[in-house]
Amino acid sequence: MQQTTVTISDTSFAKRRGDLMKLISSLRSLGAQAELDLPRIVCIGSQSAGKSSLIEAISQIHVPRDSGTCTRYAAFPPLTKPDGKWSATITLRIEFDDAGKRLPAPETCVFGQDICDTSAVEPALRRAQAAVLNWGIRPCHDFLSMDDAELRAQSGLKFSKNVVCITISGPKLTDLATTLTFRTGLIQNAEEDMINLVESTVTEQIKGNSIILVTIPMSDDLENQKAALLAKREDAAGSRTIGVLTKPDMLTAGASRSKQAWLDIIEGRKQVLKHGYYCTRQPEDSDRINNITFDQARQNEANFFQNTSPWSTSLHTDRFGTLKLTEKLSNLLSEKINESLPQLQAEVRKALDETNSQLARLPPALSGDPSSNLMALVTQFCATFDGYAEGRRNCERLVQENLKTYRTFKLAIRCSAPDFRPFECKDDDNEDTDISRQITEIVGDEPLPEKTESLSSPSPVYLEEVRDHLLRAKTRELPYNTPFPAKVSLIEEFTKTWEAPVEDCFEDVKNRIDDFLKDLIKKDFGRFFDLETQVRELVNAQVDICTNNTKAILSTILECELSPFTQNSHYYQTCRGKFLAHFRAVRAEYLERKSSQEERADSEHGNTLGSRITPLLQREALAALAKLGHHVQASDLQKLIPSDPWEEEMTVAAEVRSYYQTSYKRIIDNVPMIIDNTFFRRLSRGLLNALILGLGFSDPKTAASYLCEDKNVVEKREELLSRKKRLDNVRRELSRFGY
């Protein structure tokens with residue numbers, strides 16, 4: 001019985017699904033497979049498993065069958081021509097470098113001219129295969145005219161992950177050609193690295209949105225097929241796998257047990273897969289030598305299954321023949337494409353968002369005059385720093401943090417105040433008296449914060465210590481004349497402690513600005529290594545200049561504070577009066593308390609005389625003096641009480657404490673002002689000129705050399721731009737299709 005050859009392209013199903021096939025092929029030609037998991041059929045199998053024959057049967061072209069090499073092939077959707085003219089175009093799609101690393105953008109190279117003779121396809125593919133295996137070693141056009149001997153002499157790769165693509169057009173061609181995106185033989189007799197590379201490439205291709213077409217020669221056992229094991233590992237449920245049994249004519253007439261075992265598999269009784277197994281019979285070598293046509297091959301295949309037992313007696317006739325397999329594959333792929341389109345669109349949007357986000361984090365590429373670009377970069381850098389130096393809107397951080405440092409400095413100076421106590425010695429000091437709080441109230445200072453553990457305060461100074469100090473300083477002074485050097489040395493006791501807080505204050509501000517400049521230089525110039533290095537050196541030089549100037553002025557300020565001087569005499573005198581009155585009041589309270597304690601003690605011992613003038617004693621004393629002819633006032637009796645023997649010491653303490661208050665008020669302002677103006681703001685004002693002079697803007701070549709971006713940044717930007725372009729093209733292609 002003669003079988004009429006009907007290709008899938010003759011069916012209404014193929015016409016209905018043709019656009020879907022062309023869409024996937026178009027997406028693949030745009031490089032979408034680098035971003036998306038495109039639906040595909042992957043044909044895998046061991047060497048000599050019949051993959052090439054199967055591909056030839058579906059695509060109706062002859063492919064190379066060289067042993068020892070493995071190459072990927074992709075057949076793109078055929079275009080049916082009404083005039084019946086057949087043609088093919090071969091292109092090389094290079095997606096990976098020699099090390100197997102994916103390139104930022106796939107390269108596509110048209111290999112030769114269009115082919116109009118089907119017999120010329122196989123040698124052309126052989127040359128294209130050699131060009132792929134030698135990509136980067138020799139130009140691809142060198143291979144266009146090579147004969148078989150020259151091709152065999154090439155020392156290229158044994159395996160390449162890059163693809164030889166063929167687009168076919170003509171009458172009665174199956175749309176399924178677009179699905180055969182991969183053909184790899186699983187090799188065993190090769191170096192381990194090569195075996196692992198091929199296996200990993202196969203494994204990568206059969207993941208995700210793939211339909212796995214496993215070719216299994218019936219001359220071998222199913223359990224021995226590595227391809228079947230890989231498919232089961234990636235598709236444990238068997239929902240994406242179709243088994244294709246090849247070479248049934250290799251089973252001898254006496255191999256009845258083996259035939260029955262294979263029939264059990266084909267009819268679904270063993271090794272069950274969701275989509276089952278198909279059995280095909282392809283032309284023998286002698287048939288190919290005689291140039292058998294594809295229609296004759298399909299007819300011979302049909303005759304074989306109809307006349308050969310046990311296949312001829314099977315009720316599952318839909319499981320035999322290439323046309324039945326092709327029909328099944330076409331159905332499965334169309335369904336998978338339909339199901340995946342919404343997800344592909346979502347993946348494209350997500351990938352575009354990620355790409356745009358990464359591009360936004362990279363600096364834009366520079367174009368135009370190098371000198372102008374360099375000036376713009378430097379000007380922007382200096383303007384940013386100046387904004388922080390002046391504390392402009394959205395640039396307040398540095399100034400605010402410096403103010404915190406100045407506040408800490410103020411507290412450190414505040415805690416260095418001399419702590420004079422109006423008591424002879426420590427034993428007389430009443431711990432219940434809050435001297436510090438009282439002093440704060442006297443001079444009108446804000447209270448100290450509760451947590452000042454990190455700030456040390458001087459030990460209390462009592463009147464006996466002041467007296468000893470004065471006695472050691474006296475030389476030729478007249479009585480009641482306090483030596484000035486004694487006051488100076490007491491003043492030095494607190495002014496000499498100011499050096500450390502001043503240095504700490506400046507170092508804190510300087511380190512903060514250093515760190516800020518370091519980060520700003522990295523941010524603005526980091527993509528230009530040489531420019532970043534030079535700018536950092538110039539900026540550091542300016543920082544050193546401003547640092548030395550500021551330290552010199554601060555040193556002078558500290559040196560001046562060692563020599564007492566003030567023209568703020570009114571404030572000094574006011575403080576002197578307040579402190580002296582305070583010391584006298586505290587001491588009077590202490591003496592009153594002490595006198596009361598002594599009187600109580602005398603009364604207990606029968607001694608009623610006391611040192612106080614009571615109203616009764618005052619009246620009796622005035623009457624007695626009047627009888628003697630001495631007329632005195634009650635106020636004159638106070639002169640009979642001896643003066644405080646520690647008055648001089650309290651006066652010196654009040655004067656030294658008042659001078660501290662005067663110098664404290666000026667240094668807590670002067671030091672921050674010097675740091676802020678001589679260092680911070682002067683550094684900001686001088687940076688632009690220093691960078692202009694140091695970088696040499698007048699020479700365009702120098703400017704251009706500075707603007708050589710870091711290689712990694714350039715490569716990353718090019719990769720992202722290429723990816724964005726690819727994704728935009730994919731998005732537009734999907735949109736044209738209605739997604």
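For the structure given in this document, a descriptive report is provided here. (Residues numbered from 1 in each chain as written. Predicted model: local features only at pLDDT ≥ 70, side-chain atom pairs only at ≥ 80, totals over all residues. Heavy atoms only, no water.)

**Focus: the overall build of the protein chain**
Looking only at helices and strands, the protein chain features 22 helices and 11 strands. Among the 739 residues that make up the protein chain, the fraction classed as buried is 45%. Contacts spanning at least 24 positions in sequence make up 81% of the contacts within the protein chain whose residues lie at least 6 apart. Approximately 38,500 Å² of the protein chain is accessible, and the part contributed by carbon and sulfur atoms is 50%. (Helix = DSSP H or I, 4+ residues; strand = E, 2+ residues; numbered from the N terminus. Buried < 20%, exposed > 50% of the residue type's maximum accessible area, 1.4 Å probe, protein only. Contact = heavy atoms within 4.5 Å. Areas by Shrake-Rupley, 256 points an atom, 1.4 Å probe, with all protein chains shown as cover.)

**A closer look at the pairing of strand β1 (residues 40-46)**
Along β1, seven of the seven residues are buried, which leaves the element largely enclosed by surrounding structure. Of the two faces of β1, both are covered, the one formed by Arg40, Val42, Ile44 and Ser46 as well as the one formed by Ile41, Cys43 and Gly45. Where β1 meets strand β7 (residues 210-217), five bridges bridge the pair, whose relative direction is parallel. If you follow Cys43 over to β7, its bridge partner there is Leu213. (Pairing = 2+ DSSP bridges.)

**Considerations on helix α14 (residues 463-473)**
Every buried residue belonging to α14 is among Leu463, Val466, His469 and Leu470, and all of these are buried. Angular distribution of buried residues about the axis of α14 spans 120°; they occupy a single face of the element. Looking at α14, the residues exposed on the side facing more than 90 degrees away from the buried face are Leu471 and Arg472. (Arc of directions from axis to C-beta.)

**What to know about the pattern of salt bridges**
Applying the stated rule across the entire model yields 42 salt bridges. Close ionic contact of Arg281 with Asp249 constitutes a salt bridge, the shortest N to O distance being 3.6 Å. Residue Arg281 is located in the loop between β9 (277-279) and α8 (285-289), and its partner Asp249 is located in the loop between β8 (241-246) and α7 (256-266); the two are separated by 32 residues in the primary sequence. According to the relative accessible area criterion, Arg281 is buried, its value standing at 13%. You can call Asp249 partly exposed: its relative accessible area is 25%. (Salt bridge = Lys/Arg side-chain N within 4 Å of Asp/Glu carboxyl O.)

**Thoughts on the packing of aromatic side chains**
What the rule picks out here adds up to 14 aromatic pairs. Note on Phe385 and Phe680: the rings are 5.9 Å apart at their centroids and 55° apart in plane angle, and the pair reads as tilted. Remark: Phe680 occurs in helix α20 (residues 647-695) and Phe385 occurs in helix α11 (residues 370-390); sequence separation between them is 295 residues. Residue Phe385 is classed as buried on the basis of its relative accessible area, which comes to 0%. Seen from their ring centres, Tyr388 and Phe516 are 4.5 Å apart, and the 55° between their planes marks the pair as tilted. Here Tyr388, found in helix α11, pairs with Phe516, found in helix α16 (residues 499-525); they are 128 residues apart in sequence, far enough to count as distant. Comparing Tyr388 with Phe516 shows no difference in burial state: the two are buried. Members of the aromatic cluster, connected to one another through ring pairs, are Phe304, Phe305, Trp311 and Phe320. Between the NZ or CZ atom of Arg138 and the centre of the ring of Phe143, over which it lies, the distance is 5.8 Å. Lying over the aromatic face of Phe304, Arg281 brings its terminal NZ or CZ to 5.4 Å of the ring centre. (Phe/Tyr/Trp six-rings, centres within 6.5 Å; stacked < 30°, edge-to-face > 60°. Lys NZ or Arg CZ within 6 Å of the ring centre and 35° of its normal.)

**Focus: the nonpolar core**
Residues Phe381, Leu531 and Leu695 are the most contacted members of the largest nonpolar core, which totals 74 residues. Of all the elements, α20 adds the most residues to this core, at 19 residues. For Phe381, the residues in contact, after removing those within four places along its chain, are Leu517, Leu520, Ile521, Asp524, Phe525, Val539, Leu687 and Leu691. Within the second largest apolar cluster, 30 residues are counted, among which are Leu23, Ile41, Ile58 and Leu727. (Core = buried A, V, L, I, M, F, W, Y, C linked by side-chain atoms within 4.5 Å.)

**Remarks on the packing of helix α2 (residues 51-59) against helix α10 (residues 322-361)**
Interaxial distance between α2 and α10 falls to 10 Å at its minimum, and their mutual angle equals 75°. With respect to α10, the axis of α2 lies roughly perpendicular. On α10, the residues touching Leu54, Ala57 and Ile58 of α2 are Thr322, Leu325, Thr326 and Leu329. Among the residues making up the contact of α2 with α10, the classes are represented as five nonpolar, two polar and no charged. (Axes fitted to C-alpha atoms, helices over the stretch in contact; angles between N-to-C directions. Parallel < 35°, antiparallel > 145°, perpendicular 65-115°, else oblique. Nonpolar A, V, L, I, M, F, W, Y, C, P; charged D, E, K, R; others polar.)

**Regarding α7**
Buried within α7 we find Lys259, Trp262, Leu263, Asp264, Ile265 and Ile266. One or two positions beyond α7, positive phi appears at Gly268, with a value near 85°.

**Re the pairing of strand β3 (residues 87-96)**
Among the 10 residues that make up β3, nine are buried, leaving the element largely enclosed by the rest of the structure. As defined by bridge partners, β3 adjoins strand β5 (residues 159-169) across seven bridges and the pair is classed as antiparallel. Looking at β5, one finds that Arg93 is bridged to Val163.

**Considerations on the packing of α16 against helix α17 (residues 529-561)**
Packing of α16 against α17 leaves a shortest axis separation of 11 Å and a crossing angle of 165°. Between α16 and α17, the crossing angle belongs to the class labelled roughly antiparallel. The crossing of α16 and α17 is right-handed. Touching Glu499, Val502, Phe506, Glu507, Lys510, Asp514, Leu517, Ile521, Lys522 and Phe525 of α16 are Leu531, Glu532, Val535, Arg536, Val539, Val543, Thr547, Thr550, Lys551, Leu554 and Leu558, all from α17. Residues that form the contact of α16 with α17 fall into these classes: 11 nonpolar, two polar and eight charged. (Left-handed = near helix turned anticlockwise from the far one by under 90°.)

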